[in-house]
Amino acid sequence: MKFLHLTALLLILFGIENQLSASANSPLSLIPAPVSLTRQNGNFTLTAGTRIIVSPLNNETRLAADLLALLVKNPTGYAPAISEGKKPADGSVLLILDNSIKNDEGYTLEVTPTGITAKAKTAVGLFYAVQTIRQLLPTEVEKQTIVAGLALTVPACTITDEPRFAYRGMHLDVGRHLFPVTSIKRYIDMLALHKMNTFHWHLTEDQGWRIEIKKYPKLTEIGAYRKETVAGAQKKANNTFDGKPYGGFYTQNEVREIVAYAGSKFITVLPEIEMPGHAVAALASYPELSCTGGPFEVRKLWGVDEDVFCAGNEQAFTFLEDVLTEVMELFPSKYIHIGGDECPKKRWEKCPKCQQRIKDQGLKNELELQSYFIRRIEKFVSSKGRNIIGWDEILEGGLAPGATVMSWRGEAGGIEAAKSGHDVIMTPGKYTYFCYYQSENHDGQPLALGGYVPLELVYGYNPTPKELNPEEQKHILGLQGCLWSEQIQTPEILEFMAYPRTFAMAETGWTPDNGKNFENFVSRLEGLHKRYDAIGISYFKGEYRDTKAAKERK
Ligand code: ACM
Ligand code: ZN
């Protein structure tokens, strides 16, 4: 009898012990990993009576409160009341601005069995605190349907958090293929969920001009449509075409809608208007802006076209300034991306107007002519109080003052720019181009551009090269993943290519380097799979390790 008693007691004690340790030690699937996280015992459960108390309550801080209220309302049907105040009431969620927090995007979060308190310097930090609460809540909050009997339980914990980099971006090329507004919004949602803050929208290409410009209607009447598209993987010769007209564009109203939507999630939309190259769709619409006068058709092949804006033609500058004026009215971003990559100089070499410009300006060659082009545009953009970003080719022939460089052909351009005191965003293709395959085995996967960029490689990328001293490293504003859409025909393929590599990029942008660990990241990622399923995104779930590098190490 005694023995049985003791066994029962031990079993009970062991059971309690087990429960405690399970609740305090089971990993929390947070991406990006917070700077510091301490688990506490117990949980807080949001109920019909939970209030969201905000201090101060204004249009900006309300965005964090609204997000949390929606996450509660979607699966339960009840929306917590939002009110202004400072005092924590039992069972409430307190969102409070606090100047003692140093980083503009940082926050602290305290979850106890009686309530939640989030503090941040700005509304952005409060929004990120709520994104963290979201990842701590059951995955059912992502559903748009009522889930009977759902307990909205958040594990007790203390978090102190802030980003490593100020620029945490994802790019999307809509020139080669475009995606519906709903799909762009979902993309923005996924960036916000992972505390990324910039959506780089690549709006113009040889294969299509995608933004309505009121002053130049032919850009979208003509430039937004191509007759047909090269079928499958492009070859050096003997390509076949699909015979299907393709095109479309975003109206200015749609652009405003997307900019506002992103803004409500504290995401800046960085617009890119390509120049002087990747301009064939514009030249098909207005051939007088070229060196030869055309005619041109919107490009049906991928790759780089020899026809570019004429650098000797004043009309080309007037056109681009007019376009940029409308773009700056639509996009409130501090930066305007002006492309600058992959501009062949073949036409300029033969063009009397371009050669005259070289002479008049005392330039050495066509590289300096490209630099003249970019400097002139930079002057215009900065006269409007904005700054330009360009791909690393803008270094050739001399960098425009005030220009920020996106280093895509490796890190060399970024290193050179940072050493000369320019800001840099790291996007080296080898680690950040998500249009490449994410596994060695392509079975069942959509056709991608060649290349191999597995999750482990993306995750392991550190955007602060050791060639830079600590002072120079401050010029690295952050990093970005890029999605070039030659082989991305649908929103589903877009998501499959973007995720989860985007989430790895998000963690590098946010989490301190010494707080990163790939195995741990993958276990948190797998913990988020159910959440992604509830959201309904498509994502890659195969081999996450860099199998090629593993073989080479052997
Ligand atoms: C680029 O990939 N051409 C920037
Ligand atoms: Zn010319």
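Residues numbered from 1 in each chain as written. Chains lettered and ligands numbered in written order. Predicted model: local features only at pLDDT ≥ 70, side-chain atom pairs only at ≥ 80, totals over all residues. Heavy atoms only, no water.

Things to note about the pattern of salt bridges
Applicable threshold: By definition, a salt bridge exists where a carboxyl oxygen of Asp or Glu is found within 4 Å of a side-chain nitrogen of Lys or Arg. Starting at the N terminus, helices and strands are each numbered in turn, a helix being any DSSP run of H or I of at least four residues and a strand any DSSP run of E of at least two. Working definition: with a 1.4 Å probe on protein chains only, accessible area under 20% of the residue-type maximum means buried, over 50% means exposed, and in between means partly exposed.
Tallying each qualifying case throughout the model produces 30 salt bridges. Here Asp513 makes a salt bridge to Arg164, at a shortest N to O gap of 3.9 Å. Note that Asp513 is positioned in the loop between α17 (501–510) and α18 (518–535) and Arg164 in the loop between β7 (152–161) and β8 (167–173), a separation of 349 residues in sequence. Judged by its relative accessible area of 25%, Arg164 falls in the partly exposed class. Of the charged contacts in the structure, one is a salt bridge between Arg186 and Glu495, with a shortest N-O distance of 2.9 Å. One end of the pair, Arg186, is in helix α4 (residues 181–193); the other, Glu495, is in helix α16 (residues 491–498), and 309 residues separate them in sequence. Each of Asp173, Arg176, Glu205 and Glu486 takes part in one network of salt bridges that share partners.

Here's the deal with the packing of α17 against α18
Quick reminder of the rule: Inter-axis angles, ranging from 0 to 180 degrees, are taken between N-to-C directions of lines fitted to C-alpha atoms, where helices are fitted over the stretch in contact. These descriptions rest on fixed angle ranges, namely under 35 degrees for roughly parallel, over 145 for roughly antiparallel, 65 to 115 for roughly perpendicular, and the rest for oblique. Left-handed is the label given to a crossing in which the near helix is rotated counterclockwise from the far helix by less than a right angle, and right-handed is the label when the rotation is clockwise. Any two residues having at least one pair of non-hydrogen atoms within 4.5 Å are treated as being in contact. Under this grouping Gly is polar, as are all residues other than the nonpolar Ala, Val, Leu, Ile, Met, Phe, Trp, Tyr, Cys and Pro and the charged Asp, Glu, Lys and Arg.
The N-to-C vectors of α17 and α18 enclose an angle of 125 degrees; their axes lie 12 Å apart at closest approach. Looking at the two axes, α17 sits oblique to α18. Crossing hand, α17 versus α18: right-handed. Counted together, Phe503, Ala504 and Glu507 of α17 and Phe521, Arg524, Leu525 and Tyr532 of α18 form the full contact between these two elements. Here the contact of α17 with α18 is composed, by residue class, of 5 nonpolar, no polar and 2 charged.

Brief notes about the nonpolar core
Going by this rule: Side-chain atoms within 4.5 Å link the members of a nonpolar core, which is a set of buried Ala, Val, Leu, Ile, Met, Phe, Trp, Tyr and Cys residues.
In terms of nonpolar packing, the biggest core is built from 155 residues, with Trp201 and Phe319 touching the most fellow members. Among all residues touching Phe319, those that are not within four sequence positions of it are Trp209, Tyr216, Leu219, Ala282, Tyr286, Leu289 and Phe309.

Quick look at the coordination of the zinc ion (ligand 2)
Applied cut-off: Note that water is not among the atoms considered, so a metal site may appear incomplete; the donors listed are N, O and S atoms within 2.8 Å of the metal, with 3.2 Å applied to Na, K and Ca. Only two sets of limits are used to name each site, 85 to 135 degrees for every angle of a tetrahedral four-donor site, and over 155 degrees for opposite donors with all other angles from 65 to 115 for a square planar four-donor or octahedral six-donor site, with any other site named irregular.
For the zinc ion (ligand 2), the full set of protein donor atoms is Cys291 (SG), Cys310 (SG), Cys351 (SG) and Cys354 (SG), at a range of 2.3 to 2.4 Å. For the zinc ion (ligand 2), the 4 donor atoms in the first shell make angles of 107 to 113 degrees at the metal, a pattern classed as tetrahedral.

As for helix α2 (residues 61–76)
Counted only if it meets this: To estimate how far a helix should reach, multiply one less than its number of residues by 1.5 Å.
Over its 16 residues, α2 extends 23 Å from the first C-alpha to the last, a length consistent with the 22 Å expected when each residue adds 1.5 Å. Contacts made by the buried residues of α2 are with β1 (36–46), β2 (51–55), β3 (81–84), β4 (92–97), α3 (123–136) and β7. Of the residues trailing α2, Gly77 is marked for its positive phi of about 90 degrees.

Comments concerning unusual backbone geometry
A cis geometry characterises the amide bond from Ser55 onward to Pro56, with omega recorded as -15 degrees. Considering the arrangement of structural elements, one finds Pro56 in the loop between β2 and α2. A cis amide bond, omega 10 degrees, links Tyr499 with the succeeding residue Pro500. Here Pro500 lies in the loop between α16 and α17. Despite not being glycine, Lys195 has its phi angle at roughly 65 degrees, a positive value. Mapped onto the elements of the fold, Lys195 is located in the loop between α4 and β9 (198–202). We classify Lys195 as buried; its relative accessible area is 2%.

Description of the side chain of Asp173
Rules: Counting of polar contacts relies on pairs of N or O atoms within 3.5 Å, with two restrictions inside protein: one atom must be capable of donating a hydrogen and the other of accepting it, and residues adjacent in sequence are counted only when both atoms are side-chain atoms.
Tracing the backbone shows Asp173 in strand β8. Among the polar contacts listed, one links the side chain of Asp173 to the backbone nitrogen of Gly175, at a separation of 2.7 Å.

Topic: the sheet that holds strand β5 (residues 107–112)
Quick note on the threshold: We treat two strands as partners when DSSP finds at least two bridges between them.
Pairing is mixed in the open sheet, where 7 strands are placed in the order β1-β7-β5-β6-β4-β2-β3. Each edge of the open sheet is held by one strand with a lone partner, namely β1 and β3. Going across the sheet, the axis of each strand differs from the next one's by a mean of 20 degrees, ignoring polarity. Across 8 bridges, the pairing between β1 and β7 is antiparallel. Along β7, the bridge assignment pairs Leu37 with Ile159. Contacting β1, β2, β3, β4 and β7, α2 runs over the sheet at an angle of about 175 degrees to β2. Each of β4, β5, β6 (115–120) and β7 touches α3; the most contacted strand, β5, lies at about 40 degrees to it.

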